[in-house]
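Chains, contacts and geometry: an overview
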Amino acid sequence: MKTGICTVKMAYAIRRSALKMVHRAKASHIGSALSIADILAVLYGQVMHFDPLQPYSQTRDRFILSKGHACVAVYAALAEAGYLSHKDLHTYGEDHSWLMNHISHKVPGVEFSTGALGHGLSFGVGKALAARINKEEWITYVLLGDGEMDEGSNWEALMFASHHRLCNLVAIIDCNNLQSLTSVSETLSIEPLAEKLLAFGWDISDIDGHDHRSLSQQLAQRSPTKPRAILARTIKGKGVSFMENQVDWHYKNPNDEELDAALKELGGN
Amino acid sequence: MRNAFIDELVLATRRGKDIVLVVGDLGYKVVEPFADEFPHRFFNAGIAEQNMMGLSAGLASEGVHVFAYSIANFPTFRCAEQIRNDVDYHKLPVTIVSVGGGLAYGNLGYSHHAVQDYALIRSMPNMIIAAPGDPMEVRGCVRYLIDNPTPSYLRLGKAGEPNFHKNVPTISPGRWLPIEDSIGPNNRTLLTTGTTLEIAKKWLTDSELDGYTLHSLPLWGMSTKHMQLQQSISWEQIVTVEDHLTDGGFGSWLMESLHGSSFDLSHLRIKSLNHRVCGMVAKQSTLYEEGGLSAFLK
């Protein structure tokens, strides 16, 4: 685990950069990005092993964003971590930009492109299996949405991972209880999710997904025999009062005034 | 064909090739030689093709050449988006293997009739289709794919197919393969892909096809369209043969390859399956007859 990095400050920076990107590109999904900023800050600031100067180093930990629409938060985290410059972020959403509006593997530090939901966990299972075959120590982290758990492919992957005791695989489920039209509980009720994952043979931790201390403790833990799932209870739009828990901000992009107000709340401009 | 495939896979893995075989709970009495010799490189993903294809892509992203094995439409249509987004878009070395291409599982019904698979796979820009015509071509295709790992689809028959090549041919993508003992040379040819090589060979004895020569094209796809005019232009008449629906099939692919070129498309004839076979249940030979592949003139 790294020391000396203030992940709380990093999360603020991720949120500010994400807001500026979607504002400039008139893009959607800012609520989803704000939801995962704390998780990413703890992963990139404390937990994961990587070297931005060697983005394909064999010993790096692998991170996969399965909810690819929240990509601005990852691009911003990669800039904070040294993979990208903040100037690179300005190209987000432009024609032919490598920073496309769903996470893109053409960006240094990104392992896998997603956009269609229900793909990241299986891909992560394959990576974890490769590490097992090659007797390598690195960890695969996959970040999914709770609405994304509607996809049956995730449950196939959950079964496979526990059957093969992939203890080098960590799934983080961003449980913000909002999906495309309304809440997760009103769409396809997924609770009790922790019990379901336990029944599928996973090691579970159910935590506040904005609490950095809990995140760093729980993301660093391993079961010797089971894959690990972190249920990160989050608020969609977290950090910007008028975006929090509003399904509208899955789609809307902030106008100039809304951007200013949001950045003020986040201690910057 | 199935056994030739597994045999080549075992031989290559023994030589040190970084290969993993993932099966979708199928391959009874086929995959055991590999599974027994390389148990740490064999995984049964269960009856869960989406995860099978996704994890195959993940494995392949770490440098492994993955062979993802199942039958009929299960490793293609069931997980089409994983093939499109995870394998093809990322250009990962996953070879999808489907046993029972065409109507080999005729009596098992429409779920098991793989007659639209070329259409799906050939719509993906990085995919190479490997459709061998006999066990020798299977070996040639597998050797090519192992030496050149790429997103690919290996379409096999079942078992007991005759050999038409005396030796394992050297196969390269987009290149027509002359069948050694065919009639000719002539300026008219049959061009087949996949297991209809056997049908095309029989048709050569048909008086209507007197003087025709015979070629097989076992490796093809979107990236090899540009190679077809040069090979087609010298022929006065080309008849393509395939056990796939006309729509999105092999003949359709060749026609698209030649469209707008100096080749006169009225000299191209496509022998493929009529869509009336969709939903019919019968043995392969009966379905060939119903679909228009029992004889050249039908």
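Thresholds applied
- Residues numbered from 1 in each chain as written.
- Chains lettered and ligands numbered in written order.
- Predicted model: local features only at pLDDT ≥ 70, side-chain atom pairs only at ≥ 80, totals over all residues.
- Helix = DSSP H or I, 4+ residues; strand = E, 2+ residues; numbered from the N terminus.
- Rg over C-alpha atoms; globule rule 2.2 N^0.38 Å.
- Buried ≥ 20, exposed ≤ 12 C-beta atoms within 10 Å, placed from the backbone.
- Contact = placed C-beta atoms within 7 Å.
- Pairing = 2+ DSSP bridges.
- Axes fitted to C-alpha atoms, helices over the stretch in contact; angles between N-to-C directions.
- Parallel < 35°, antiparallel > 145°, perpendicular 65-115°, else oblique.
- Nonpolar A, V, L, I, M, F, W, Y, C, P; charged D, E, K, R; others polar.
- Domains from an automatic or database assignment.
- Arc of directions from axis to C-beta.

1. Focus on the overall build of chain A
A tally of regular secondary structure across chain A gives 10 helices and five strands. In summary, chain A has a C-alpha radius of gyration of 17 Å against a globular reference of 18 Å for 269 residues, a match within 12%. Seen through its C-alpha atoms, chain A measures out along the principal axes to roughly 50 × 45 × 35 Å. For chain A, with 269 residues in total, the buried portion stands at 51%. Considering only residue pairs separated by 6 or more positions, chain A has 75% of its internal contacts joining residues 24 or more positions apart.

2. Overview of unusual backbone geometry
Backbone torsion omega between Glu-191 of chain A and Pro-192 of chain A reads 5 degrees, so that peptide bond is classified as cis. Locating Pro-192 of chain A in the fold gives a position in the loop between α7 (184–187) and α8 (193–199). Phi angles above zero are rare outside glycine, and His-96 of chain A is one such case at about 65 degrees. Relative to the assigned elements, His-96 of chain A resides in the loop between α4 (86–89) and α5 (120–133). Of the residues examined, His-96 of chain A has 6 C-beta atoms within 10 Å and is grouped as exposed. At Lys-91 of chain B, a position not held by glycine, the phi torsion is positive, near 55 degrees.

3. Looking at the sheet that holds strand β3 (residues 169–175) of chain A
Residue and element names in this part refer to chain A. Spatial ordering of the open sheet is given by β1-β2-β3-β5-β4, a layout of five strands whose pairing is parallel. With partners counted over all chains shown, the strands left at the sheet margins are β1 (62–65) and β4 (203–208), one partner each. Taking the axes of each pair of neighbouring strands and ignoring which way they run, one obtains an average angle of 20 degrees across the sheet.

4. Quick notes on the interface of chain B and chain A
Counting from both sides, the interface comprises 21 residues of chain B and, opposite them, 17 residues of chain A. Of all the elements in the fold, those that place two or more residues in the side of chain B that touches chain A are α3 (49–60) and α4 (80–88) of chain B. For the side of chain B that touches chain A, the element with the highest residue contribution is α3 of chain B, accounting for eight residues.

5. Focus on the packing of α3 of chain B against α4 of chain B
Residue and element names in this part refer to chain B. As a packed pair, α3 and α4 sit with axes 9 Å apart at the nearest point and diverge in direction by 5 degrees. As the angle between them shows, α3 and α4 are arranged roughly parallel. Across the interface between the two elements, Gln-50, Met-53, Gly-54 and Ala-57 from α3 touch Gln-82, Ile-83, Asp-86 and Val-87 from α4. Its residues placed into classes, the contact of α3 with α4 shows four nonpolar, three polar and one charged.

6. Examining the domain arrangement of chain B
All names here are of chain B. The assigned domain composition of chain B is domain 1 (2–156) and domain 2 (177–291). If you average the C-alpha positions of domain 1 and of domain 2, the two centres end up 24 Å apart. Between domain 1 and domain 2, the residue contacts involve 27 residues of the former and 29 residues of the latter. Every element with two or more residues in the side of domain 1 that touches domain 2 is listed here: α5 (117–121), β5 (128–130) and α6 (135–147). At four residues, α6 tops the list of elements feeding residues into the side of domain 1 that touches domain 2. Counted by class, the side of domain 1 that touches domain 2 contains 15 nonpolar, eight polar and four charged residues.

7. Side note on helix α10 (residues 284–291) of chain B
Side chains that are three or four residues apart share a direction in an α-helix, a result of its 3.6 residues per turn. Residues and elements named next belong to chain B. For α10, every residue scored as buried is listed here: Gln-284, Leu-287, Tyr-288 and Gly-291. Here the buried residues of α10 occupy an arc of 105 degrees about the axis, which is enough to place them on one side. Buried positions along α10 lie against β12 (268–273). Two residues or fewer after α10 comes Gly-292, characterised by a positive phi angle close to 95 degrees.

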